[in-house]
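Chains, contacts and geometry: an overview
These are the residues of each chain, in order.
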Amino acid sequence: MPSNAAKRVRQLTKLIREYDSAYFGEDRPKVSDSTYDALFRELESLEKAYPELLDPDSPTQHVDFIFDTRFQKRRHLKSMLSLTNAMDERELHEFDERIRKHTTPEYYTELKYDGLSINLTYQNGVLTGATTRGDGVMGEDITHSARTLSSIPLLIKNAPPLMEVRGEIVIPIEAFKKLNQEGANFANPRNAAAGSMRLLDASVTKTRPLEFFPYGLGGFEGTPPKSMVELHAFLKKCGFHLDTYRKLCHSIDEVQAFYETYKAKRPFLPFEIDGVVVKLNNLELAASLGSTARAPRSMLAYKFEAAVVTTVLEDILVQVGRTGVLTPVAALCPVKVGGVTVQRATLHNTEEIERKGIAIHDLVAIRRAGDVIPEVIGIIEQAPNRILFTMPATCPCCSTPVVKKSEKQHICPNSSCEEQVIMRITHFADQLQIDGLGEKTIRLLYAHKKLKSFPDIYKLTKKDCDLPGFAEKSISQLLSAIEKSRTQSLDRLIMALGIPLIGQTTAHTLAQHFHSIKDLLHAPKEALLAINGLGPESADSISSVPDKKNIIALAALFQHPVQQKTLAGLLFTLTGSLQSLTRDEARTRIESQGGAVSALSKKTHYLVIGADPGSKLDKAKSLKTPCLTEKEFLSLLDST
Ligand code: IVH
């Protein structure tokens, strides 16, 4: 066991204890939820990897709660546990796989409200107690506050002799803002809800528009509901308010769709939510699966990514792209966003930097959503030693004087600029899916003069690759990946050439019309202009490709698969509702032509947009995924 693992476990334990005490004891979190989750998960995984480091007193085993002496302590009939978090689709599927070992599940999905978790005790239908979660075993008595909420019934008819109802106290976002305008100083709605419930003076609590949403039962004497669906009906009958944002899902894909829907609706909901909760519908089975020290095995908190965090902008670097465009890039003090450490983020161009008023050393807000490249969204605080950014007058790579094309665009006009060459080769290898030939390897081979152009890739030998940092196995894997790339499709090769203005959709169209790179590059302009969807600028761009002879020679090395006219290898994502065919029909047609339907990611080739598209459209824009209308999609299907 490395000694640094033990050291890190100690560090994490100390930090998490400190944050737990601020969060639970003072309603005043010290760090964002995403930072807390990341630290917690890091500790969990270290404890898993090195079980000898697992202290029974570790915060992963129980929450260190500091009780507020203003309140009486009360014991819950049954412990109040927490939930296991999933941060992405992969983790959702892992949960599903774990459950599938026991049953073919139906899942009940609900919103994960971000508020104060409480436990209500009813004896013969009378509300006799309300407690905060506390340390999970004991909570703080806040019965006086709970009695002021209209959404908490004081009396339930036909209730069992004894039951605990658990749920979340929330406050509308608007009410939270209003409270702060009136002089309160809550960090977020969750703290406003918790702070309002943990008051001694219930007459103040009564003035706050708090709402209780039940999500489960604790101790129960009698016959409890057998499923989440039955539980829902039972709680409703008891007089609780249940939102309509819940669903019985028959597959994990339906769960994913529920998640996507509420991720898109989240900004429009009156209350804060931080994810959805996935629960096994069958409660008897759920009970038989039991729980870990912290959380039931039958449930999962599928959390939305905390998209925004703050960090220090340490420097602004200038990156030279394959077309010579200079892009300012933020060098950030490393920060975790949604479980991933981010150190670089795009700043787009100088105009953007000015518009956002950012300077080096400032504290900035950054966003990362899904696969999208992290982005600096704005300034949080100016630094006293801030340095304003100006675009250099000469290329940072080859020192050629920079040309200002517009307020937004500065370029290095030297197409032999090393950075441009390296980035062109990187793009080429990426498009042709040459595994093992990433930017780092290309830089290494370039530095050793083994790789200076596209054709050089196909001349690489074992000896050329015999460089420090290259293992023998990875050399042979690289060489076979290069060999394999020669059978990539024509549209991928067109894309790989990096012809300005020619994106995936156009490359696909061009590959339909021309059978070789030679035909394409020799095509008269009129022939190009006759192609549906190809504008004069794109046609010009193709006609003026430099060094045609060498490109044609390179293309001669390729043996494209014969069946050009299929959707083979193309990944589609569908969003919104299609008018002329159902999603299942669309999927069948895509698959019958060799394509596939999957979740939206960097790898998606086309997003097909139906009526009322969801948030996928925004994501597609930031990923620059080509979008097809239903009509375009149908004609693509018909043309193949
Ligand atoms: S079920 C064993 N359902 O999330 C705990 N919890 O991160 C069972 N929460 O402590 C909880 N919405 O305070 C459940 N629909 C929901 C919820 C929900 C919010 C809170 C709850 C829990 C925390 C865990």
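Quick summary incoming for the structure in this document. The structure displayed is predicted, hence computed values, not measured ones. Positions within a chain are numbered from 1, following the residues in the order the chain's sequence is written. Local features in a predicted model are, by the rule used here, given only for residues with pLDDT of at least 70; side-chain atom pairs are given and counted only at 80 or more, and totals for whole chains, interfaces and linings are based on all residues. Only hydrogens and water are removed before side-chain values are computed, so all heavy atoms of the structure are retained for them.

A word on the nonpolar core. The biggest cluster of nonpolar side chains holds 50 residues, and the ones touching the most others in it are Phe428, Ile434 and Leu510. Whether two residues are in contact is decided by their heavy atoms: any pair within 4.5 Å suffices. Those residues in contact with Phe428 that lie beyond four places of it in its chain are Phe454, Ile457, Tyr458, Leu493, Ala496, Leu497, Leu554 and Phe558. To define a nonpolar core, start from buried Ala, Val, Leu, Ile, Met, Phe, Trp, Tyr and Cys residues and group those joined through side-chain atoms within 4.5 Å. In this scheme, a residue with accessible area under 20% of its type's maximum is buried, one over 50% is exposed, and one in between is partly exposed, where area comes from a 1.4 Å probe on protein chains only. Core analysis: the second largest hydrophobic core is formed by 34 residues, Leu120, Tyr122, Ile169 and Ala193 among them.

Time to look at helix α9 (residues 252-265). Taking 1.5 Å as the rise per residue, α9 with 14 residues should run 20 Å; its terminal C-alpha atoms sit 20 Å apart, in good agreement. The set of residues buried in α9 consists of Ile252, Val255, Gln256, Phe258, Tyr259 and Tyr262. Each buried residue of α9 lies within a common arc of 155° when the element is viewed along its axis, so the set occupies one face. Only DSSP runs of H or I with at least four residues qualify as helices, and only runs of E with at least two residues qualify as strands; both kinds are numbered from the N terminus onward. In this fold, the buried residues of α9 make contact with α3 (89-100), β3 (107-113), β9 (247-249), β10 (273-280) and β11 (299-303). To estimate how far a helix should reach, multiply one less than its number of residues by 1.5 Å. By construction, the arc corresponds to the directions joining the helix axis to the C-beta atoms.

Two aromatic rings from Phe, Tyr or Trp, using only the six-membered ring of Trp, form a pair when their centres are within 6.5 Å; if the ring planes differ by under 30 degrees the pair is stacked, by over 60 it is edge-to-face, and anything between is tilted. Scanning the model with the defined rule gives 15 aromatic pairs in all. Ring geometry for Phe95 and Tyr107: centres 5.8 Å apart, planes at 40°, overall tilted. Taken together, the positions of Phe95 in helix α3 and Tyr107 in strand β3 put the pair twelve residues apart, joining distant regions of the chain. Taking 6.0 Å as the distance between ring centres and 65° as the angle between the ring planes, the aromatic pair formed by Phe572 and Phe633 counts as edge-to-face. Of this pair, Phe572 sits in strand β19 (residues 571-575) while Phe633 is found in helix α24 (residues 630-639), placing the two residues 61 residues apart along the sequence.

We now examine the site of the ligand. Close to the ligand lie 14 residues, the nearest being Glu110, Leu111, Ser117, Glu168 and Lys279. At a separation of 3.1 Å, an oxygen atom of the ligand approaches a polar side-chain atom of Lys112. Contacts to the ligand include Lys279, whose side-chain N or O atom sits 3.0 Å from a nitrogen atom. What makes a residue near a molecule or strand is one non-hydrogen atom of that residue sitting within 4 Å of it. Each polar contact in these results corresponds to two N or O atoms within 3.5 Å; when the atoms are within protein, one needs to be able to donate a hydrogen and the other to accept it, and residues that are neighboring in sequence are counted only if both atoms are side-chain atoms.

With respect to burial, strand β4 (residues 116-123) is a largely interior element, seven of its eight residues being buried. Note on pairing: two strands pair once DSSP finds at least 2 bridges between them. Bridge count between β4 and strand β7 (residues 162-170): eight bridges; the pairing is antiparallel. Bridge pairing links Ile118 to Gly167 in β7. One ladder, built from six bridges, connects β4 with strand β5 (residues 126-132); its direction is antiparallel. By the bridge assignment, Asn119 is partnered in β5 with Thr131. In textbook terms, the turn of a hairpin is the stretch between consecutive antiparallel strands, and for β4 and β5 this stretch comprises two residues, one of which, Asn124, has a positive phi near 45°.

Take the packing of helix α12 (residues 418-431) against helix α13 (residues 439-447) next. When two helices pack together, their arrangement is given by the angle between the helix axes and by the axis-to-axis distance. In the contact formed by α12 and α13, the axes pass within 10 Å of each other and the chain directions differ by 130°. With respect to each other, α12 and α13 are oriented oblique. As α12 packs across α13, the resulting crossing turns out to be right-handed. From α12, Glu418, Glu419, Val421, Ile422, Met423, Ile425, Thr426 and Ala429 reach across to α13, where they touch Glu439, Ile442, Arg443 and Tyr446. Each residue receives one of three labels: charged for Asp, Glu, Lys and Arg, nonpolar for Ala, Val, Leu, Ile, Met, Phe, Trp, Tyr, Cys and Pro, and polar for the others, Gly being one of them. Of the residues that constitute the contact of α12 with α13, the class distribution is seven nonpolar, one polar and four charged. The angle between two axes is taken between their N-to-C directions and runs from 0 to 180 degrees, where each axis is a line fitted to C-alpha atoms and a helix contributes only its stretch in contact. Roughly parallel means an angle under 35 degrees; roughly antiparallel means over 145; roughly perpendicular covers 65 to 115; every other angle is labelled oblique. Left-handed is the label given to a crossing in which the near helix is rotated counterclockwise from the far helix by less than a right angle, and right-handed is the label when the rotation is clockwise.

Quick look at the sheet that holds β11 now. Read across the open sheet, the five strands follow the order β2-β11-β10-β3-β9; overall the sheet is mixed. Of all strands in the sheet, those with a lone pairing partner are β2 (85-86) and β9, marking the two edges. Relative to β9, β3 runs antiparallel, the two being bridged by three bridges. Along β9, the bridge assignment pairs Tyr108 with Leu248. Strands β3, β9 and β10 of the sheet are contacted by helix α8 (residues 228-237), whose axis makes an angle of about 50° with β3.

Among the surface-exposed residues, Val126, Leu154 and Leu155 lie close enough to one another that they form a single nonpolar patch of about 270 Å² accessible area. Turning to its location among the elements, Leu154 is positioned in the loop between α4 (143-146) and β7. When its relative accessible area of 44% is taken as the criterion, Leu154 is described as partly exposed. Patch definition: residues above 30% relative accessible area lacking any salt bridge, with like charges linked at up to 9 Å and the nonpolar side chains Val, Leu, Ile, Met, Phe, Trp and Tyr linked at up to 5 Å. Here the accessible surface of atoms and residues is derived via Shrake-Rupley with a 1.4 Å probe, and residues count as covered only by protein chains that are part of the display. Should a side-chain nitrogen of Lys or Arg be within 4 Å of a carboxyl oxygen of Asp or Glu, the pair is scored as a salt bridge.

Limitation: the analysis is restricted to geometry and does not speak to function.
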